[in-house]
Amino acid sequence: MKGPRILGEEEIKIEERPPPPLERIKPHKWLSAKDLEDYKRLERDGYELYVSKIAEEKMRNHSIRFAEIQKEAMGLLLGWIYRNCGKEYTIVKDVVTTDLESSSVHVRFDRDAFEKLFTSLEEAGFDYLVVGWYHSHPGHGCFMSSTDVYTQRSLFNSSRHTAIVIDPVNKEIKAFYLDGKSIRTREFAIYWDEYENPYYGTRVKKRELRSDPDCVAPTQ
Ligand SMILES: [Zn+2]
């Protein structure tokens with residue numbers, strides 16, 4: 001069984017690449033007024049973290065679905081690290097999860113579920129790194145509990161790693177990272193690819209075009 005590559009301090013190939021442009025990023029719709037201010041302040045300089053619309057929707061829906069049955073959701077963030085003008089940033093392209101042992105105040109991966117998780121990682125079909133994790137706090141607000149800090153220290157102890165916490169009941173989301181001994185919040189942007197619809201919850205336009213049976217080739 002092949003395990004996933006967790007981003008560590010080891011050398012990974014960091015490509016020079018510009019981050020998603022301003023016209024293809026948005027603040028998360030669940031940011032607090034204070035977080036939105038911080039988001040706007042960083043808009044020009046760029047963020048340390050960009051989360052794809054698809055990954056965001058998966059995490060949000062997972063958290064909402066689990067909140068309905070009074071449970072916490074959890075999963076891993078998959079993506080890559082890039083560099084632009086000497087500054088590193090992380091792209092979260094997708095997320096993955098597996099069977100969970102969870103209650104409304106606690107969550108962990110099911111002991112036998114790792115094999116399944118690795119299979120779904122293989123199926124994710126791109127060269128990924130595990131760049132962090134997400135989990136939900138249904139109704140409890142977004143913070144790092146002592147267990148969360150312990151998890152962060154033992155599995156994701158680089159400042160490049162991110163922990164996303166979602167409260168689907170109060171509609172809050174925050175990203176955290178470990179900076180030495182302190183836990184800090186990390187501003188992030190939601191991005192979408194060029195041909196995707198920027199709006200949450202609506203289906204992508206290109207899908208309509210693709211499935212249009214009356215589609216005629218444009219005349220020259
Ligand atoms: Zn937690």
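Computed from a prediction, not measured in an experiment: that's the story for all the values here.

**Q** I tried to follow the overall build of the protein on my own but got confused; where do I start?
**A** A count of helical and extended segments in the protein gives five helices and 12 strands. With the model as given, the accessible surface of the protein reaches about 12700 Å², and the carbon-plus-sulfur share is 50%.

**Q** Would you explain the confidence of the model for the protein in this entry?
**A** Regions with low pLDDT carry predicted coordinates that are not meant to be interpreted in detail. For the protein, the mean per-residue pLDDT works out to 82, and 76% of the residues sit at or above 70. When the elements of the protein are averaged for pLDDT, helix 5 (residues 205–210) gives the smallest value, 43, and strand 3 (residues 49–52) the largest, 98. pLDDT under 50 marks residues 201–220. Its contacts with residues more than four places away, or in other chains, come to eight contacts.

**Q** What exactly am I supposed to notice about the coordination of the zinc ion here?
**A** Each angle at a metal carrying four tetrahedral donors should ideally be 109.5 degrees, and each at a metal carrying six octahedral donors should ideally be 90 or 180 degrees. Taken together, His135 (NE2), His137 (NE2), Asp148 (OD) and Asp148 (OD) make up the protein donors of the zinc ion, found 1.9 to 2.6 Å from the metal. What the four donor atoms of the zinc ion show is an angle range of 55 to 163° at the metal, which sorts the shape as irregular. Positions of the donor residues of the zinc ion along the chain correspond to the pattern H-x1-H-x10-D. Accessibility classification places histidine 135 together with histidine 137 in one group, the buried group.

**Q** What am I meant to see in the packing of aromatic side chains here?
**A** In this description, an aromatic ring pair is defined by two values, namely the gap between the centres and the angle between the planes. Applying the stated criterion to the full structure yields five aromatic pairs. Geometrically, the ring pair formed by tyrosine 39 and tyrosine 47 is stacked, given 4.8 Å between the ring centres and 25° between the ring planes. Seen in terms of ring centroids, tyrosine 82 and tyrosine 89 are 5.9 Å apart; in terms of plane orientation they differ by 35°. Their pairing is tilted. Here tyrosine 82 falls in the buried class, since its relative accessible area comes to 10%. Through a chain of ring-to-ring contacts, three or more aromatic side chains come together here, namely Tyr39, Tyr47, Tyr50, Tyr82 and Tyr89. For the cation-ring pair, arginine 60 lies above tryptophan 30, with the distance from its terminal atom to the ring centre recorded as 5.9 Å. For the cation-ring pair, arginine 186 lies above tyrosine 177, with the distance from its terminal atom to the ring centre recorded as 3.9 Å.

**Q** Before we go on, may I ask you to explain the pattern of salt bridges in this structure?
**A** Opposite charge on two side chains permits pairing when their charged atoms draw close. Scanning the entire structure with this criterion turns up 10 salt bridges. Of the charged contacts, one joins arginine 184 and aspartate 179 as a salt bridge, the two residues approaching to 2.5 Å between their closest N and O atoms. Its relative accessible area of 38% is what places arginine 184 among the partly exposed residues. By relative accessible area, which is 32% here, aspartate 179 ends up partly exposed. Salt bridges sharing common partners tie together Lys34, Asp38 and Arg41.

Quick notes on the rules
- Residues numbered from 1 in each chain as written.
- Predicted model: local features only at pLDDT ≥ 70, side-chain atom pairs only at ≥ 80, totals over all residues.
- Heavy atoms only, no water.
- Helix = DSSP H or I, 4+ residues; strand = E, 2+ residues; numbered from the N terminus.
- Areas by Shrake-Rupley, 256 points an atom, 1.4 Å probe, with all protein chains shown as cover.
- pLDDT = per-residue confidence, 0-100.
- Contact = heavy atoms within 4.5 Å.
- Donors = N, O, S within 2.8 Å, 3.2 Å for Na, K, Ca; no water.
- Tetrahedral: all angles 85-135°; square planar, octahedral: opposite > 155°, others 65-115°.
- Buried < 20%, exposed > 50% of the residue type's maximum accessible area, 1.4 Å probe, protein only.
- Phe/Tyr/Trp six-rings, centres within 6.5 Å; stacked < 30°, edge-to-face > 60°.
- Lys NZ or Arg CZ within 6 Å of the ring centre and 35° of its normal.
- Salt bridge = Lys/Arg side-chain N within 4 Å of Asp/Glu carboxyl O.

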